[in-house]
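# Examining the three-dimensional arrangement
Here are the chains, one letter per residue:
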Amino acid sequence: MRAWENRPDTEVVDEPLYAWYLAHTGLDHPGRDLVVAAGDTSWRRVVDSLSRPWPDGPVLQYQKHMAQHLVPDLPREWIASLRNVLLIRDPAEVVSSYLRSRASVTPDDIGVLQQLELHVQLGPEVPVIDAADFLGDPEGHLHWLCDYAGVPFTDAMLSWPAGPRESDGVWAPYWYDAVLRSTGFEPHRPRRVELTPEGDAVVAATRPAYERLYAARLVL
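Each value, and the rule that gives it
Per chain, residues are indexed from 1 in the order of the written sequence. In view of the model being predicted, local features appear only for residues whose pLDDT reaches at least 70, and side-chain atom pairs are presented and counted only at 80 or more, with totals across whole chains, interfaces and linings using the full set of residues. The side-chain quantities take in all heavy atoms of the structure and omit both hydrogens and water. Under this scheme, a helix contributes an axis fitted over its contacting stretch, all axes are lines through C-alpha atoms, and angles between N-to-C directions fall in the 0 to 180 degree range. Each helix is a run of H or I in the DSSP string that is no shorter than four residues. Each strand is a run of E no shorter than two, and both are numbered from the N terminus. The crossing is said to be left-handed when, going from far helix to near helix, the turn is anticlockwise and less than a right angle, and right-handed when the turn is clockwise. Whether two residues touch is decided by their heavy atoms; if any such pair falls within 4.5 Å, the residues are in contact. Charged residues are taken to be Asp, Glu, Lys and Arg, nonpolar residues to be Ala, Val, Leu, Ile, Met, Phe, Trp, Tyr, Cys and Pro, and polar residues to be all remaining types, Gly included. Here a patch means residues that are over 30% exposed by relative accessible area and free of salt bridges, tied together within 9 Å if like-charged and within 5 Å if nonpolar (Val, Leu, Ile, Met, Phe, Trp, Tyr). Each accessible area is a Shrake-Rupley result for a 1.4 Å probe, and residues are judged covered by the shown protein chains and nothing else. The rule for a salt bridge is simple: a side-chain nitrogen of Lys or Arg has to be within 4 Å of a carboxyl oxygen of Asp or Glu. What makes a nonpolar core is a set of buried Ala, Val, Leu, Ile, Met, Phe, Trp, Tyr and Cys residues whose side-chain atoms join them at distances within 4.5 Å. Only protein chains enter the accessibility calculation, which uses a 1.4 Å probe. A residue is then buried if its area is under 20% of the maximum for its type, exposed if over 50%, and partly exposed in between.

Okay, the packing of helix α6 (residues 112–122) against helix α11 (residues 197–215) next. Angle between the axes and distance between the axes are the two parameters that describe a pair of packed helices. The contact between α6 and α11 brings their axes to 8 Å, and the two run at 35°. As α6 runs across α11, the sense of the crossing is left-handed. Of the residues in α11, those touching α6 at Val-112, Leu-113, Gln-115, Leu-116, His-119 and Val-120 are Ala-205, Thr-206, Ala-209, Tyr-210, Arg-212 and Leu-213. In terms of residue class, the contact of α6 with α11 is made up of eight nonpolar, three polar and one charged.

Now the structure itself:
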């Protein structure tokens, strides 16, 4: 998200379905009332705004979505009209990170199962990128992604000023500590993850989906 927003030709949309997701599911997330009040709780209006061409403004629009927002009764046909990339991460690391902001977690909360559904829906031409691979070679992956998007690469995507951005969702203080401190991509460091039995169960339930996605990942 930071890399693309640091381009002069790109605007960023941060988790546009989050307010609808919380209002629809009734889930209690950090800052829930702020998120619902600040966003649009009509998925139809959100989808219309994301999938129609806009006459003015930047050349590119980068949409950062969380796959868990795609609950089963949300239509998904519109997604194929966009140029998609699936970014995956080892579920043990995802669960560990998630539990720093919420007290509990379920398999549906972390998006891996929904990412596999999207992979099946959208087909093998949609790239799958593993976060650890990306952090091993950010510049190489960004060059590839720019080619995929049909735009030139710029070194501006490799570093950015620390701190908040106007495009950050109101949930940033609850979820974005590392993002707000960042000034670029840090090398991936394998983490020693220790989870509760509940967390371990979520990892076990989602790892087969992750491994299927991992097997289909982009290898540079």
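A separate point is a nonpolar patch on the surface. On the surface, Leu-34, Val-170 and Tyr-174 cluster together into a nonpolar patch covering about 260 Å² of accessible area. You can see Tyr-174 is positioned in helix α9 (residues 172–175).

Take the nonpolar core next. By size, the foremost hydrophobic cluster in this structure holds 42 residues, and its most contacted members are Leu-17, Leu-70, Leu-74, Trp-78, Val-95 and Ile-110. Within the second largest apolar cluster, 13 residues are counted, among which are Ala-3, Trp-4, Phe-153 and Met-157.

Note that every value here comes from positions in space, so none of it alone points to a role or purpose.
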